[in-house]
Amino acid sequence: MSYIDIAPSILAADFGYLMRDIKKVEGHAEYLHIDVMDGHYVNNISFGIPVIQSIRKYTDMKFYTHLMITNPEKYIKAFADAGSDNITFHLECSDDPDKLIEEINALGCTAGISIHPDTPVEKVFPYIGKVKIILIMTVYPGFGGQGYLPSSNERIAKLRRAIDEQGADTIISVDGGITLGNVKEVYDAGARLFVAGSTVFNAEDPAKAIEDLKSCATLS
Ligand code: DX5
Ligand code: ZN
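On a predicted model such as this, the values are computed, not experimentally measured, just so you know. Sequence order sets the numbering: in each chain, residues are counted from 1 along the sequence as written. Going through the entries in the order they are written, you letter the chains from A and number the ligands from 1. Side-chain atom pairs in this predicted model are given and counted only at pLDDT of 80 or more, local residue features only at pLDDT of at least 70, and totals for whole chains, interfaces and linings cover all residues. The basis for the side-chain values is all heavy atoms of the structure; hydrogens and waters are excluded.

Visitor: Even after reading the chapter, I still don't get the sheet that holds strand β8 (residues 193-196), so can you show me in this structure?
Guide: Strand pairing within a sheet occurs via backbone hydrogen bonds; the two strands may be parallel or antiparallel. Paired strands, in this sense, are two strands between which DSSP finds at least two bridges. To qualify as a helix, a DSSP run of H or I must reach at least 4 residues; to qualify as a strand, a run of E must reach at least 2; elements of each kind are numbered from the N terminus. The eight strands lie next to each other as β1-β8-β7-β6-β5-β4-β3-β2, forming an open sheet whose pairing is parallel. Edge positions in the open sheet fall to β1 (5-8) and β2 (31-37), since each of these has one partner strand only. For this sheet, the mean inter-axis angle between neighbouring strands, taken without regard to orientation, is 25 degrees. In the sheet, strand β3 (residues 62-68) pairs with strand β4 (residues 86-90) via four bridges, with the strands oriented parallel. The convention used is that axes are lines fitted to C-alpha atoms, helices contributing only their stretch in contact, and that angles between N-to-C directions extend from 0 to 180 degrees.

Here it is as structure tokens:
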């Protein structure tokens, strides 16, 4: 079957028992999604480099670090050194995304570029084939537990067409409001890497929630 995966977002984990929660999803997903918020680009502050360094010691999952921060170029080395495997920054926060992508790759990480719901989706088209992941925000960035923005489906479909036309292997990721009830329509629109916070970590059995999301997405 073609590529599909869930990236559990630790924003919805219990930080008092962070490693316990990560262990619940280890082995069920390739990437662990790590939301870094600076209180500038978004109206919330989450956690940063020391937390990533600490959890790096206890899991082999790939770290998909989502930087919701201004001036990402100042911090990518620190996030790479802390153990990120993928560093995803916001298109809106960089004056020179091409340079930043090169720098991320030079640090031994794959790059991702994320786009805010209010930014026209065509603005990410120049990065198709240049980044591993294009992350379409499907809620307004800053908080977990929000509802999926229905206008996202059309944005995903447009990006899907552009990627397929070029025959590129860039992965379309989505972030925010992904549930068992909507994952199929989002998959059908063309997304393949689903970030999910609440749906995974608020579930009784987070590993089962991951498997359920995958099977709902690909139901025929
Ligand atoms: C929101 C974050 C998301 C968040 C998703 O700004 O980027 O990764 O954790 O959470 P849910 O899945 O609860 O919408
Ligand atoms: Zn995120």
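Visitor: Just checking my understanding: could you explain the packing of aromatic side chains for this structure?
Guide: Here the distance between the centres and the angle between the planes together describe a pair of aromatic rings. When the centres of two rings from Phe, Tyr and Trp lie within 6.5 Å, Trp using its six-membered ring, the rings pair. Their planes under 30 degrees apart give stacked, over 60 give edge-to-face, and anything left gives tilted. Across all of its chains, the model carries two aromatic pairs by this definition. Pairing F15 with F47 gives two aromatic rings, centres 5.6 Å apart and planes at 75 degrees, and the pair type is edge-to-face. Note that F15 is positioned in the loop between β1 and α1 (18-25) and F47 in the loop between β2 and α2 (49-56), a separation of 32 residues in sequence. A simple rule labels every residue: compare its accessible area, found with a 1.4 Å probe on the protein chains alone, to the largest value its type can have, and call it buried under 20%, exposed over 50%, or partly exposed in between. Accessibility expressed as a relative area gives 12% for F47, which makes it buried. Between Y31 and Y64 the ring centres are 5.8 Å apart and the planes differ by 70 degrees, which places this aromatic pair in the edge-to-face class. Separated by 33 residues along the polypeptide, Y31 in strand β2 and Y64 in strand β3 bring together distant segments of the chain. The same class applies to Y31 as to Y64, namely buried. To sit over a ring, a charge needs its Lys NZ or Arg CZ within 6 Å of the ring centre and within 35 degrees of the ring normal. Across the ring face of F63, the terminal group of R56 is positioned such that the distance to the ring centre comes to 3.7 Å.

Visitor: Quick question: what am I supposed to make of the coordination of the zinc ion (ligand 2) here?
Guide: Each pair of donors in an ideal octahedron of six around a metal sits at 90 or 180 degrees, and each pair in an ideal tetrahedron of four sits at 109.5 degrees. Distances decide who is a donor: an N, O or S atom must be within 2.8 Å of the metal, or within 3.2 Å for Na, K and Ca. Water is not included, so sites may look incomplete. Ligation of the zinc ion (ligand 2) by protein atoms is provided by H33 (NE2), D35 (OD), H66 (ND1) and D175 (OD), these donors lying 2.0 to 2.3 Å from the ion. Only two sets of limits are used to name each site, 85 to 135 degrees for every angle of a tetrahedral four-donor site, and over 155 degrees for opposite donors with all other angles from 65 to 115 for a square planar four-donor or octahedral six-donor site, with any other site named irregular. Taken together, the six donor atoms surrounding the zinc ion (ligand 2) define angles of 69 to 169 degrees at the centre, an arrangement classified as octahedral. Counting gaps between the donor residues of the zinc ion (ligand 2) yields the pattern H-x1-D-x30-H-x108-D. One end of the pair, D35, is in strand β2; the other, D175, is in strand β7 (residues 171-175), with 140 residues separating them in the sequence. D175 gets classed as buried once you look at its relative accessible area, which sits at 8%.

Visitor: What am I meant to see in helix α8 (residues 206-217) here?
Guide: Owing to its 3.6 residues per turn, the α-helix brings residues three or four apart onto one side. The span you would expect from a helix comes to 1.5 Å times its residue count less one. Taking 1.5 Å as the rise per residue, α8 with 12 residues should run 16 Å; its terminal C-alpha atoms sit 17 Å apart, in good agreement. The inward-facing, buried residues of α8 contact β1, α1, α6 (183-189), β8 and α7 (198-201). By definition, residues are in contact when any of their heavy atoms lie within 4.5 Å.

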